[in-house]
Amino acid sequence: MAFSKNARVEDFPSDFAWGAATAAYQIEGGWDTDARSPSIWDTFCHSKGSVYKDQTGDVACNSYQLWDEDLKCIQKLGLTHYRLSFSWSRLLPDGTTRFVNPKGVAYYNKVIDDLIANTIVPMVTLNHFDLPQVLEDCGGWKSPEIAELFDSYAQFCFKTFGDRVKLWITVNEPYICAKLGYETGLFAPGIKEPGTSVYLVGHNILRAHARAWHSYNAHFRSLQGGKVSIALNSDWAEPLDPCCAEDVAATQRYIDFNLGWFACPIFGTGDYPKSMRSRIEIQNLELGFTEGPRLPKFSDDEPKPFGTADFFALNYYTSRKVKDTSSRPSELSFTGDQGAEAIIDPSWPVSGVSWLAVVPEGLRKLLKYIKDTCNNPAIYVTENGFSQMGPVELEDVDRCRFYQDTRQEVSKAIKDDGVNLKGYFSWSLMDNFEWADGFSVRFGLFHVDFSSAELKRTMYRSGREYAAVIKRHRDCTKPAN
Ligand code: PNW
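Since the structure is predicted, the reported quantities are computational estimates derived from the model, not experimental observations.

### Observations regarding the UniProt feature "active site" (unreviewed entry) in the protein chain
Now for step 1: Using the residue numbers shown here, the UniProt feature "active site" (unreviewed entry) corresponds to Glu 383.
Now for step 2: Looking at the element boundaries, Glu 383 is found in strand E10 (residues 379–383).
Now for step 3: Among residues more than four places away in sequence, those in contact with Glu 383 are Ala 21, Arg 83, His 128, Asn 172, Glu 173, Leu 314, Asn 315, Tyr 316, Tyr 317, Phe 425 and Trp 427.
Now for step 4: A distance of 3.2 Å separates the side chain of Glu 383 from the side chain of Asn 315, its partner in a polar contact.

Written out as structure tokens, the structure reads:
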């Protein structure tokens, strides 16, 4: 039998979700159209020197005007699911439910209704990095009040759209939001407060998420019957030297500080990983840090994160080899606390962006790890993809290869490892505003011509292949008449 790179579509459950994902700020544009107020990403992009070539999401793919074009792309792929995010400051321009922007509500109503009319299931993320600037001005994710504000926003969305939206993600990637936004400052709001704010922000995101999940559970679940989770990103990691006990321990710490930081409170012990508590304690002593507990405690006076996810939403992009650095001089930073250095194996190809080493087998291993450590949850891969940089290649053979390899690994996770995988969302439906990298990095299944006023969408070869896979799967799982 000839060896085929293609995963057997028969190995995927008949109700498997084949999706693609986007995020509001990355595609919508219309940044000041109708009553929308700025988010932290508008402010960040408009301050010079923050983003590649000072590019902005002011227009992006102009999906606020061109939703019909996006829908055509979704239809051409034959997706069963589409993951989008809401712009909080488009729906609630002052961040609160005191004023609702009817144009924002109408826009998302149309998107959702069109999806449903085409039997495409929407999955909606309530906040994908773009916190309203008015809330940032009151402390943003660093302020304890944000949990209640987020909860009101979430309840407003459940009330307004929950009759049709049954899959909700509260917050996208708390790890990236906290670390790049408040530790390294590479993302909005561009705050550089190493070793302190990162944990506070992570904590407040967990508090906000927990409140929203509990609100859904108490007031909407019985009527609407949907599911709520939070999208956690994580690398897979292995020791640089598997025979070195320190590297092995550092690898576990690396995973604990990435995935475990949010997964343990929700799916595990209900608290942060022990390795986080102990490393931060050690560093505090060594650094003589006495200004409060850095890694906060979950209070008994409010909803706790434990059990607040109806499925596991995983964003996976890459893997690392890990070397122990815990004996190095202490440094007040997240990486210092972690006591681990992450290395890209030289044998791994690197895609468009420097951090994205292409390691499809890492996804299978991470899925198995989640199965084993998070009580075998239902899992959706809510993001996974491959970036291109430089000259556009519509015949994107490297991306095609990446997706083929990934589907192989995913099918093994389902079939051989017994992972309860419900679906897979490719990042992204189309090229878009790639945060600090602006438009220099392309992740799409559709190419977007950012130099043309029409922002024309053209299917990449990888999009054609994805459409063919989805069709084959649909054909082989069609109920016999
Ligand atoms: C995710 N990193 O973010 C986001 O959810 C998407 O909005 C984004 O476009 C996609 O991945 C591709 O980057 C990340 O630096 C941003 O490691 C940065 C990193 C990882 C994920």
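There is more to say after this.
### So, helix H11 (residues 274–287)
Now for step 1: For H11, with 14 residues, the first-to-last C-alpha span of 20 Å sits near the 20 Å given by 1.5 Å per residue.
Now for step 2: Contact partners of the buried residues in H11: helix H9 (197–224), helix H10 (245–267) and helix H12 (334–338).
Now for step 3: In the segment just after H11, Gly 288 is the residue with positive phi, at about 65 degrees.

### What about unusual backbone geometry?
Now for step 1: Ala 188 connects to Pro 189 through a cis peptide bond whose omega is 5 degrees.
Now for step 2: With respect to the helices, strands and loops of the structure, Pro 189 is situated in the loop between helix H8 (174–182) and H9.
Now for step 3: Look at Thr 119: it is not a glycine, yet its phi comes out positive at around 50 degrees.
Now for step 4: Here Thr 119 shows up in the loop between helix H5 (102–117) and strand E3 (121–127).
Now for step 5: Judged by its relative accessible area of 68%, Thr 119 falls in the exposed class.

### Comments concerning the site of the ligand
Now for step 1: Neighbouring residues of the ligand: 14 residues in total, closest Gln 26, His 128, Glu 383, Glu 434 and Trp 435.
Now for step 2: Contact distances for the ligand include 2.6 Å between an oxygen atom and a side-chain N or O atom of Glu 434.
Now for step 3: For the ligand, an oxygen atom lies 2.8 Å from a polar atom in the side chain of Trp 435.
Now for step 4: When isolated, the ligand has an accessible area of 450 Å², and the protein chains bury 89% of it.

### What to know about the pairing of strand E8 (residues 319–324)
Now for step 1: Counted residue by residue, E8 has five buried out of six residues, so it is predominantly covered.
Now for step 2: Pairing analysis gives four bridges linking strand E6 (residues 236–239) to E8, with the strands arranged parallel. For Ala 237, the partnering residue across the bridge sits in E8 and is Arg 320.
Now for step 3: The pairing of E8 with strand E9 (residues 340–343) spans four bridges and is antiparallel.

### Quick notes on the sheet that holds strand E5 (residues 227–233)
Now for step 1: If you walk around this closed barrel you meet the eight strands as E1-E2-E3-E4-E5-E7-E10-E12, and the pairing is parallel. Direction aside, neighbouring strands of the sheet carry axes that sit 25 degrees apart on average.
Now for step 2: Relative to strand E12 (residues 421–427), E10 is paired through three bridges, and the arrangement is parallel. For Tyr 380, the partnering residue across the bridge sits in E12 and is Gly 423.
Now for step 3: On the sheet, helix H7 (residues 146–161) packs against E3 and strand E4 (167–172) and is oriented at approximately 160 degrees with respect to E3.
Now for step 4: On the sheet, H9 packs against E4 and E5 and is oriented at approximately 160 degrees with respect to E5.

### Looking at the sheet that holds E9
Now for step 1: Taking strand neighbours across the sheet as the criterion, the three strands line up as E6-E8-E9 in an open arrangement whose pairing is mixed. Pairing within the sheet leaves two strands with one partner each, and these edge strands are E6 and E9. Sheet twist, expressed as the average angle between the axes of neighbouring strands with direction ignored, equals 40 degrees.
Now for step 2: Those strands touched by H10 are E6, E8 and E9, and its axis lies near 130 degrees from that of E8.

### Remarks on the pattern of salt bridges
Now for step 1: Under the defined criterion, the tally for this structure stands at 33 salt bridges.
Now for step 2: The salt bridge partner of Arg 164 is Asp 113, with a shortest N-O separation of 2.8 Å. With a gap of 51 residues between them, Arg 164 in the loop between H7 and E4 and Asp 113 in helix H5 connect regions that are remote in the sequence.
Now for step 3: Residue Asp 324 pairs with Arg 253 through a salt bridge whose shortest N-O separation is 2.9 Å. With Asp 324 in strand E8 and Arg 253 in helix H10, this pair connects stretches of sequence that are 71 residues apart. As far as burial versus exposure is concerned, Asp 324 and Arg 253 are alike and both buried.
Now for step 4: Three or more residues are tied together by salt bridges with common partners; here these are Glu 395, Arg 461, Arg 464 and Glu 465.

Conventions and cut-offs
Residues numbered from 1 in each chain as written. Predicted model: local features only at pLDDT ≥ 70, side-chain atom pairs only at ≥ 80, totals over all residues. Heavy atoms only, no water. UniProt positions renumbered as here; feature names shortened; annotations may be inferred. Helix = DSSP H or I, 4+ residues; strand = E, 2+ residues; numbered from the N terminus. Contact = heavy atoms within 4.5 Å. Polar contact = N/O pair within 3.5 Å; in protein donor to acceptor, adjacent residues only side chain to side chain. Expected span 1.5 Å × (residues − 1). Buried < 20%, exposed > 50% of the residue type's maximum accessible area, 1.4 Å probe, protein only. Near = heavy atom within 4 Å. Areas by Shrake-Rupley, 256 points an atom, 1.4 Å probe, with all protein chains shown as cover. Pairing = 2+ DSSP bridges. Axes fitted to C-alpha atoms, helices over the stretch in contact; angles between N-to-C directions. Salt bridge = Lys/Arg side-chain N within 4 Å of Asp/Glu carboxyl O.

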